[in-house]
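# Secondary and tertiary structure notes
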Amino acid sequence: MHISVVIPLLNEEESLTELHDWIASVMQSNHFSYEIIFIDDGSTDDSWGIISKLSKQNNAVKGIRFLRNFGKSQALHAGFEKAQGDVVITMDADLQDSPDEIPDLYNMVLKEGYDLISGWKKKRFDSLISKNLPSKLFNWAARKTSGVKLHDFNCGIKAYKLAVVKNIDVNGEMHRYIPVLSKNAGFAKIGEKVVQHRARKYGDTKFGMNRFIHGFLDLITIWFLSNFAKRPMHLFGTLGFIMFAIGFTFAAYLGIDKMFINRAGRLITQRPQFYIALSTMIIGTQFFVAGFLGEIILRNRPDKKRYSIKDELNL
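Residues numbered from 1 in each chain as written. Predicted model: local features only at pLDDT ≥ 70, side-chain atom pairs only at ≥ 80, totals over all residues. Heavy atoms only, no water.

## Re the overall build of the protein chain
Put simply, the test is: Under the DSSP-based scheme used, a helix requires at least four consecutive residues in state H or I and a strand at least two consecutive residues in state E, with every element numbered from the N terminus. We call a residue buried when its accessible area falls under 20% of the maximum for its residue type, exposed when it is over 50%, and partly exposed in between, using a 1.4 Å probe and counting protein chains only. Residue contacts follow a heavy-atom distance rule, with two residues in contact if any of their heavy atoms lie within 4.5 Å. To measure how exposed things are, a 1.4 Å probe is used in the Shrake-Rupley method; for residues, cover is taken only from the protein chains shown.
Secondary structure summary: the protein chain contains 10 helices and eight strands in total. With 315 residues in all, the protein chain has 46% of them scored as buried. Here the contacts in the protein chain between residues at least 6 apart in sequence split such that 81% fall between residues at least 24 apart. Carbon and sulfur atoms provide 58% of the accessible area of the protein chain, an area that totals close to 16100 Å².

## Describing the pairing of strand S6 (residues 158-161)
Our working rule: Following DSSP output, two strands are said to pair if at least two bridges run between them.
In the sheet, strand S4 (residues 87-90) pairs with S6 via four bridges, with the strands oriented antiparallel. Directly across from threonine 90, in S6, lies its bridge partner lysine 158.

## What to know about the sheet that holds S4
Remark on secondary structure: sheet strands pair via backbone hydrogen bonds, oriented parallel or antiparallel. Inclusion rule: For helices, the axis comes from a line fit to the C-alpha atoms of the stretch in contact; other axes are also lines fit to C-alpha atoms, and the angle between any two N-to-C directions lies between 0 and 180 degrees.
The strand order across the open sheet formed by eight strands is S7-S5-S6-S4-S1-S2-S3-S8, and the pairing between neighbours is mixed. At either margin of the open sheet sits one strand with a lone partner, and together these are strand S7 (190-194) and strand S8 (309-313). With direction set aside, neighbouring strand axes in the sheet form an average angle of 15°. Here strand S1 (residues 3-9) runs beside strand S2 (residues 34-40); their pairing, made up of seven bridges, is parallel.

## Quick word on the nonpolar core
Most often, soluble globular proteins have nonpolar side chains that are buried together. To be explicit about the condition: Among buried residues, the Ala, Val, Leu, Ile, Met, Phe, Trp, Tyr and Cys ones that are joined through side-chain atoms within 4.5 Å form a nonpolar core.
Among the nonpolar cores identified, the biggest contains 37 residues, and Ile7, Ile23, Phe38, Met91 and Ile102 are the most heavily contacted of them. Elements represented by at least two residues in this core include exactly S1, helix H1 (16-29), S2, helix H2 (47-57), S4 and helix H4 (102-110). With seven residues, the top contributor of residues to this core is H1. One finds Leu76, Tyr160, Ile168 and Val170 within the second-largest nonpolar core, a separate group that totals 33 residues.

## Re the side chain of serine 182
Note that serine 182 resides in helix H7 (residues 178-184). Classification of serine 182 by relative accessible area gives buried; the value is 0%. For serine 182, the residues in contact, after removing those within four places along its chain, are Leu116, Val164, Ile168 and Phe187.

## Re the pattern of salt bridges
In plain terms, the rule: The term salt bridge refers to a pairing of a side-chain nitrogen on Lys or Arg with a carboxyl oxygen on Asp or Glu at a separation within 4 Å.
Summed over all chains, the structure comprises eight salt bridges. Salt-bridge contacts for lysine 62 lead to glutamate 35; the nearest nitrogen and oxygen are separated by 2.6 Å. Of the two residues, lysine 62 sits in strand S3 (residues 61-66) while glutamate 35 sits in strand S2, which places them 27 residues apart along the sequence. Using a relative accessible area of 0% as the deciding quantity, one classes glutamate 35 as buried. Note that glutamate 101 is salt-bridged to lysine 193, the shortest N-O span being 2.6 Å. On the criterion of sequence distance, the pair formed by glutamate 101 in the loop between S4 and H4 and lysine 193 in strand S7 is long-range, its members being 92 residues apart. Here the two residues glutamate 101 and lysine 193 agree in accessibility, since each one is buried.

## Points about H1
Short version of the rule: The length a helix should cover is 1.5 Å for every residue beyond the first.
With 14 residues, H1 extends 20 Å from end C-alpha to end C-alpha; this agrees with the ideal 20 Å at 1.5 Å per step. For H1, the set of buried residues is Leu16, Leu19, His20, Trp22, Ile23, Ala24, Val26 and Met27. On its buried face, H1 is in contact with S1, S2, H2, S3 and H4. At the C-terminal side of H1, histidine 31 shows a positive phi close to 60°.

In structure tokens:
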């Protein structure tokens, strides 16, 4: 099979039929064998009914339905598990991503040898204040932190080699950082393609300003996981050593000063340096304990399923 199109969605009943017909037309005109995997992430409208109808009309349409809303990352993870195409393409279901980009994305991955191609919505139709400016700041921080030089980390349309999606673990809200996860997994040939951004045709956006706050918090998480996921003691142990060394130095200074230099001076407990020494040694010890606990958890963590599937179609 040439292409798997993975589409997570939440309450997009108005756009699904149009999106399916558009994708099918592109695939047929380019003679691609394909599958379209819709992942219904707990929709409360008739999205699943429309997916069921499409699956009966077109055997290439497959569906996964979650019991409730688990999030876009979990939806992508479920779709990646089922994907079989040589190239896996993700896009949003709101028609803001154009299926006409699929042939070029496919060629860049399969013929030019890229592991991952990320879309770049260079010209956007979103609000300047609520989306464009926060997005630019977010992408700048992501580039500086991760070392992956992309302009638009959060673009929904991306293309991957099949091996990439089978070797990355997308969880929590890490769908924004799939290029970083891919790089950490050893798939370093990551490219970018300017793609068309279309104004939303139906419904309202499912994401508010809080997604940028969550995005920056996830950025800190991905930085930590990239550098210390398999060795948390390296971070916490270093911090603990520094803090404990500061405290011990203060304590040694106070002891030497009281015993040999200024014996008639104030009691050690009356000096602010004593509390600085005590606090930093306690904090240093806590960092050590956090590092040990992290190592223990890492070695004993169970594999826990992060979502529950209610129905599947053609899978």
